[in-house]
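Tertiary structure, described
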Amino acid sequence: MSPPRTDRGRALLVLTLAAAVTAFTATVPLLRDFFDLRVYYGTVHTWVHHGGRIYDYHVPGTAYGFTYPPFAALAMLPLAGMGRHTAIAASLLVNLAALAVVLRILAGPGRQRHGWYRWSLALCGLALFEPLRDTFSFGQVNLVLLALVLGDSWLLATGRGRWAGAGIGLAAAVKLTPALFIGLLLLAGRRRSAGVATAVALAATGLAAWADPGASRFYWTEALWDTGRVGRLDYVSNQSLQGVLARLGEPGRALWAVAALLVLCVWAARTRRALTAGDRAAAFALTGATACLISPITWVHHLVWLLPSFAVLARAGHPRIAGALYAVLCTSVVWLWFDDASGIDGFLGSNIYTWITLGLLLGLPAGQSSAARPPLARSANDTAPAPSAARPATVAVRDQSESSSGAGEAAAATGTPADADFDRARSASREPTGSTRPAASKPQSSSSRASSYTVNPPPA
């Protein structure tokens, strides 16, 4: 069937696809009820208005609490002045703005020639992408962090490299794994940008320590090392190497550390090769895939950091491969093995997102794209010249995974008006699945997968 050739036919196709996507997202995937936003909202309101402690808060009726570094709570202080509905609206608007930034940078200077029709089809496809729709539905911050990291690439691409690295530094202060991009800057010879990123991350962390010394002391000495606060390692949403090992019955840190070290060696070798070939977009994408793999916990919604890899595949002349892998990440297929990930089918199926990430690390084309590439090349200084018409500078594709998500087990419960405000709109079940289905005996079963966390994490 040939695509429509008239504007009227194209508009009809876009409207039909938009209606189908809307029906799908409204009925098939379970909505997450902005659960992670509830964690952020309740934590900040308890901290600011009720004198509570950041890491003591948890969502009423659950064991989910704040697991980010203290600076993340500081950055979310605007939530303290908002009501529930305003916070939800703000979350949606911020994520939409971040998505616009990400798409603008990933599309590069050729974005205008795609026209409304191609962009409409792309947006319909993005609405099906499980990590992206979960980021919106949870009220997560992954997309904002991706935009911050990609913003540094734009600074370098436009000759504004003086403050390049600040976005990476802020992202690393909110979540830890973006710090891997500092390593990428070092590999690329961007020492000044790496220094800016490090200084910003340390300054933000120091500001949080000044604002709440007790919270900072607790996080860096205790909470950081307790993965049980974040969730069960073997939970099927954990699509990292540690998640694979945990589902195999090997949750220990020694084997994971060896696997992570091997992945880092592969990353360093492939990234150096990409940088030598001048393919900085591939180097950024490889860094994002690596961060997803080595993080102890990479929930499905963290995989928005794979979006740059698909852009690299498409530009390198492999749109069908990119489309096939992308389609798998739209299916929620890993949840078929929630209850039982044993056997060959469980090993392959429950970890399929991890296999895709690993395949991107090992096989992503590097130096093969004829498209323009973002500036991460070695130079005498960090300020790259403005791009010329012969070689326009496109996306400096940066990726990241997070080492923790927005909710985990807290030390104690604190009931506040903020809790009640959010809970009034919820259904009888107080678990994140309650908005769509009754709570199951396992609240994160394949039929009630509304949270990336577990009520009963293993003992530390």
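Residues numbered from 1 in each chain as written. Predicted model: local features only at pLDDT ≥ 70, side-chain atom pairs only at ≥ 80, totals over all residues. Heavy atoms only, no water.

Things to note about the environment of Val174
- By the element assignment, Val174 lies in helix α8 (residues 166-174).
- Residues Val174 and Tyr68, 106 residues apart in the sequence, show an inter-C-alpha distance of 6.6 Å. (Helix = DSSP H or I, 4+ residues; strand = E, 2+ residues; numbered from the N terminus.)

A few points about the pattern of salt bridges
- Within the structure shown, the criterion is met by two salt bridges.
- The salt bridge involving Arg53 is made with Asp56; its shortest N-O contact spans 2.4 Å.
- Close ionic contact of Arg232 with Asp234 constitutes a salt bridge, the shortest N to O distance being 2.8 Å.
- Asp234 gets classed as partly exposed once you look at its relative accessible area, which sits at 35%. (Salt bridge = Lys/Arg side-chain N within 4 Å of Asp/Glu carboxyl O. Buried < 20%, exposed > 50% of the residue type's maximum accessible area, 1.4 Å probe, protein only.)

Quick notes on the packing of α8 against helix α10 (residues 191-211)
- As a packed pair, α8 and α10 sit with axes 7 Å apart at the nearest point and diverge in direction by 40°. Regarding α8 and α10, the two cross each other, and that crossing is right-handed. Judged by residue contacts, Ala166, Ile168, Gly169, Leu170, Ala172 and Ala173 of α8 engage Val196, Ala197, Val200, Ala201, Ala204 and Thr205 from α10.
- A class-by-class count of the residues in the contact of α8 with α10 yields ten nonpolar, two polar and no charged. (Axes fitted to C-alpha atoms, helices over the stretch in contact; angles between N-to-C directions. Left-handed = near helix turned anticlockwise from the far one by under 90°. Contact = heavy atoms within 4.5 Å. Nonpolar A, V, L, I, M, F, W, Y, C, P; charged D, E, K, R; others polar.)

Some points on the packing of helix α13 (residues 253-276) against helix α14 (residues 280-294)
- Packing of α13 against α14 brings their axes to within 9 Å, and their N-to-C directions diverge by 175°. In terms of orientation, α13 and α14 fall into the roughly antiparallel class. Taken together, the residues of α14 that come into contact with α13 (itself represented by Trp256, Ala260, Val263, Leu264, Trp267, Arg270, Thr271, Ala274 and Leu275) are Arg280, Ala282, Ala283, Leu286, Thr287, Thr290, Leu293 and Ile294.
- A breakdown of the residues in the contact of α13 with α14 according to their chemical character gives twelve nonpolar, three polar and two charged. (Parallel < 35°, antiparallel > 145°, perpendicular 65-115°, else oblique.)

What about the confidence of the model for the protein?
- Put simply, the protein has an average pLDDT of 78, and 77% of its residues get 70 or more.
- Mean pLDDT across the elements of the protein ranges from a minimum in helix α19 (residues 417-423), with 45, to a maximum in helix α18 (residues 352-363), with 96.
- Note that pLDDT drops below 50 for residues 369-375; the model gives that stretch 29 contacts with residues more than four away or on any other chain.
- Counted against residues more than four places away or in other chains, residues 377-460, with its pLDDT under 50, gives 291 contacts. (pLDDT = per-residue confidence, 0-100.)

Remarks on the packing of aromatic side chains
- Applying the stated criterion across every chain, the model contains 16 aromatic pairs.
- Centre to centre, the rings of Phe129 and Tyr326 are 4.7 Å apart; their planes meet at 10°, and the pair counts as stacked. Taken together, the residues span a long stretch of sequence, with Phe129 in the loop between α5 (115-128) and α6 (130-138) and Tyr326 in helix α16 (residues 319-328) at a distance of 197 residues.
- Residue Phe129 is classed as buried on the basis of its relative accessible area of 0%. (Phe/Tyr/Trp six-rings, centres within 6.5 Å; stacked < 30°, edge-to-face > 60°.)

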